[in-house]
Amino acid sequence: QVQLMESGGGLVQAGGSLTLSCEASGSIFSRNAMGWYRQAPGKERERIATSFSGGVTTYADSVKGRFTISRDNAGYTVYLQMNNLKPEDTAVYYCNYRNLSAPVSYWGQGTQVTVSS
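Summary of the structure given here. Predicted model only: the values in this text are computed from it and were never measured.

**Points about the sheet that holds strand β7 (residues 67–71)**
If you walk across this open sheet you meet the 4 strands as β1-β3-β8-β7, and the pairing is antiparallel. The outermost strands of the open sheet, each flanked by one partner alone, are β1 (2–7) and β7. The sheet shows a mean angle of 15° between the axes of neighbouring strands, direction not considered. For β1 and strand β3 (residues 18–26), the ladder comprises 6 bridges, and the chain directions are antiparallel. Within the sheet, the bridge partner assigned to Val2 lies in β3 and is Gly26.

See below:
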């Protein structure tokens, strides 16, 4: 089992910044991917950024150039730095952990990000 603890959501004006954090604990495998998804009301959950244990990061086109995903040195905490936020970034943001050696995935509880215009 892997537990994910998210923090950092909130209300911000358009053009502002927020940083989300997700700390993983439990049975963490060395080959893993940790990432962020978001889900706006009435829309499907969207993958927006992923950090692979080997160092590769990927981004959705909608956030590329504005959001940055990173990990701490231990690799158990992943951050999402969000700059130049737009009202369309408003959503519940979820942290995800995936074991790359087995079909195992875990989700955080979600944190609300609201961007006012």
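**Section: the nonpolar core**
Buried together is how nonpolar side chains tend to be arranged in soluble globular proteins. With 27 residues, the main nonpolar core has Leu4, Met34, Trp36, Phe67, Leu80, Met82 and Tyr93 as its most contacted residues. Looking at this core, the elements with two or more residues in it are β1, β3, β4 (32–39), β5 (46–52), β7, β8 (77–82), β9 (91–99) and β11 (111–116).

**Brief notes about unusual backbone geometry**
For Asn84, which is not glycine, the phi torsion reads 50° and is therefore positive. With respect to the helices and strands, the residue Asn84 is situated in the loop between β8 and β9.

Cut-offs applied
Residues numbered from 1 in each chain as written. Predicted model: local features only at pLDDT ≥ 70, side-chain atom pairs only at ≥ 80, totals over all residues. Heavy atoms only, no water. Pairing = 2+ DSSP bridges. Helix = DSSP H or I, 4+ residues; strand = E, 2+ residues; numbered from the N terminus. Axes fitted to C-alpha atoms, helices over the stretch in contact; angles between N-to-C directions. Core = buried A, V, L, I, M, F, W, Y, C linked by side-chain atoms within 4.5 Å. Buried < 20%, exposed > 50% of the residue type's maximum accessible area, 1.4 Å probe, protein only.

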